[in-house]
Structures are given as C-alpha cells and as structure tokens.
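One-letter residues, chain by chain:
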Amino acid sequence: MRMQIPMTADNFTAVNTWVEDRALDGAPALRVVKKEKIHRYDENTYAKVKDLKFHNGIIEVKLFSRLLPDAPDFARGFIGIVYRANPEDCEFESFYVRPTNGRECQDPVRKSHGCQYFSYPGYTFDYFREYGITEYEAPVNIALHEWITLKAVIEDERARFYINGEEKPVLVVSDMKHGRGSHGSVGIFVDIGTEAFVSEMNVVCTD
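Because the structure is a prediction, the values reported are computed rather than measured.

1. Looking at the pairing of strand S12 (residues 158-163)
A regular strand places its side chains so that they alternate between the two faces of the sheet.
Phase 1 of the analysis: Here strand S11 (residues 147-155) runs beside S12; their pairing, made up of six bridges, is antiparallel. Bridge pairing in S12 links Ile154 to Ala159.
Phase 2 of the analysis: Connecting S11 to the antiparallel partner S12 that follows it, the hairpin turn spans two residues, and Asp156 within it adopts a positive phi of roughly 55°.
Phase 3 of the analysis: When S12 meets strand S13 (residues 171-173), the two strands line up antiparallel, connected through three bridges. Paired with Arg160 across the two strands is Val172, which belongs to S13.

2. Brief notes about the side chain of Lys34
Phase 1 of the analysis: Looking at where Lys34 falls in the secondary structure, it is placed in strand S4 (residues 27-34).
Phase 2 of the analysis: Exposure remark for Lys34: the relative accessible area of 7% places this residue in the buried category.
Phase 3 of the analysis: Only 2.6 Å separates the side chain of Lys34 from the side chain of Asp191, close enough to count as a polar contact.
Phase 4 of the analysis: Leaving out residues up to four positions away in the same chain, Lys34 has contacts with Asn16, Thr17, Trp18, Arg40, Thr45, Val190, Asp191 and Ile192.

3. Remarks on the side chain of Glu195
Phase 1 of the analysis: Within the secondary structure layout, Glu195 lies in strand S15 (residues 194-205).
Phase 2 of the analysis: Given the relative accessible area of 8%, Glu195 is considered buried.
Phase 3 of the analysis: A distance of 2.7 Å separates a polar atom in the side chain of Glu195 from a polar atom in the side chain of Arg31.
Phase 4 of the analysis: Among the polar contacts listed, one links the side chain of Glu195 to the side chain of Arg66, at a separation of 2.7 Å.

Cut-offs applied
Residues numbered from 1 in each chain as written. Predicted model: local features only at pLDDT ≥ 70, side-chain atom pairs only at ≥ 80, totals over all residues. Heavy atoms only, no water. Pairing = 2+ DSSP bridges. Helix = DSSP H or I, 4+ residues; strand = E, 2+ residues; numbered from the N terminus. Buried < 20%, exposed > 50% of the residue type's maximum accessible area, 1.4 Å probe, protein only. Polar contact = N/O pair within 3.5 Å; in protein donor to acceptor, adjacent residues only side chain to side chain. Contact = heavy atoms within 4.5 Å.

Listed below in structure tokens is the structure:
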C-alpha cells in the first residue's frame, strides 16, 4: 500500500517540536523545529504522522535544512526521518543527515560523519562513538540550503538508506537495535539548531 502524506501540520503530532504550515520559496511545506527544553542529541524530537502503523516498506521524503539564527556552533543542520516510533514515543529508529558535514566541509573527520543511524533510547551517536563503533555513519554529498531526498528501505532488522536518487545506498544497517518485530509510525526528525522543511513524504507499507 502506497500513501502520499499531506504536508500539513494537522496530519502530524509534534513530539518535543514545533510544527507548522509554512511556505518556502513560495511553495507549501511543513516546518519542524526542535523545542528548546531538549538539550541533548538524538532525543525523541520529531513530527510524527498521525494514524499510521509501519513495519516494513519504503519511506521517501524531500527535505530542506537551514540553521536557525541562534544555532550553536556545533549545529550541523540535523534533519532526517523516524520510523517504527511506538505510541508512547519512547522507542524508535532513525536516520538523519548533517548537511554542514557534506561536500563543503574541509575537515576529513567531520566529513566522515555526514549521516547517522541511531536507535532510541540508548543507541545514540554518542554511544556509538564512545565505543568506537563506526559502521552507523557515512559521508554524504549534500549541503545546507538545498532540497535533499532521503529514502529508507526497511525489511525486518535490515535498513538501506539512499540520498537524492542514487542507486547505491549511502548506508546499510543489518542489525537495527529494536529488531525485526517492532512497529510504529514514521516522522520527520530534527535536532539542535535546525530549521527543517518538508515538501513531500511518501510511504509504502509492504506488510
């Protein structure tokens, strides 16, 4: 079953975010910004599609990221997707990008951290780096202030993530931390210092 999600605020639940209808460059979009009270990274800060239960399938979104005027210097334009988010918003899987670590970044270490898989709670980017686990990040050929298409192909405990229609996935995760049986909604993830805009979201449920 394929669904095109209308990009209006009344179709989403704001989870530790502000969500509103807002035009960008004259075109309608959904604006998502993280609430100030959440100061840690990789938290449950997203806009969740109402009345959707997802297990396996494809999620494709068109996103635009820019930094807020008061963004801290460590902000990276964090923007991405959430999937299999449970009703209590205390468990989910996520994939996001850091556009400032993309093609315009000159720091090779930062450049290697262009995108990120994480699993909430517990398996954050900070956890992976603390233990020297590097297979959940990869470089990306993107930047701020441009539309980015993200696609996630989810099958049981395995996920493949693509950017801008490329044939080869930018990241493959073979052991999603909540396992093959988790179900839940999908949404738009946003983190510190980022103003996120979404113009399209399509979801295919294969079971």
